[in-house]
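One letter stands for each residue in the lines below.
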Amino acid sequence: MPVWIIAAVLFGMVVLTDDSYEQAVNEAEHYRYMVCNGFQPDYDDRRPDCSNFVPDVEYSRVR
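Residues numbered from 1 in each chain as written. Predicted model: local features only at pLDDT ≥ 70, side-chain atom pairs only at ≥ 80, totals over all residues. Heavy atoms only, no water.

1. Overview of unusual backbone geometry
Although it is not a glycine, Asp45 adopts a positive phi angle of roughly 55 degrees. Asp45 sits in the partly exposed class, given a relative accessible area of 48%. Although it is not a glycine, Arg47 adopts a positive phi angle of roughly 50 degrees. Tracing the chain through its elements places Arg47 in the loop between helix H2 (20-36) and helix H3 (55-62). Judged by relative accessible area, which is 65%, Arg47 ranks as exposed. (Buried < 20%, exposed > 50% of the residue type's maximum accessible area, 1.4 Å probe, protein only. Helix = DSSP H or I, 4+ residues; strand = E, 2+ residues; numbered from the N terminus.)

In structure tokens form, the structure reads like this:
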């Protein structure tokens, strides 16, 4: 098997996992937004801190 195929596969794996941290942060903030606004119950039992939650300010930062 040529080396360039292995290099292409490794490069593809790096590109696919590049934004995984940012995606996880965005999903956590979206979950907090949905639960704290009462749009959905806390299905995952994460118990997000809603004490100082300001929906417009918090959610606009995520986008």
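2. Comments concerning the environment of Phe53
By the secondary structure assignment, Phe53 is in the loop between H2 and H3. Accessibility expressed as a relative area gives 13% for Phe53, which makes it buried. C-alpha separation for the pair Phe53 and Tyr33, spaced 20 residues apart in sequence, amounts to 8.3 Å.

3. Here we look at the confidence of the model for the protein
Looking at the protein, pLDDT values average 80 and 81% of them are 70 or higher. For the protein, per-element mean pLDDT is lowest for H3, which scores 60, and highest for H2, which scores 87. (pLDDT = per-residue confidence, 0-100.)

4. Describing the environment of Gln40
By the secondary structure assignment, Gln40 is in the loop between H2 and H3. The residues touching Gln40, leaving out its near neighbours within four places in the chain, are Tyr31, Met34 and Val35. (Contact = heavy atoms within 4.5 Å.)

5. Some points on the pattern of salt bridges
Inspection of the entire model under this criterion finds three salt bridges. In this structure, Glu29 engages Arg32 in a salt bridge whose closest nitrogen and oxygen atoms are separated by 3.9 Å. Here Glu29 and its partner Arg32 are both found in helix H2, three residues apart, which amounts to about one turn of the helix. The class of Glu29 is buried, set by a relative accessible area of 18%. In this structure, the salt-bridge partner of Arg47 is Asp45, at a minimum N-O distance of 3.3 Å. (Salt bridge = Lys/Arg side-chain N within 4 Å of Asp/Glu carboxyl O.)

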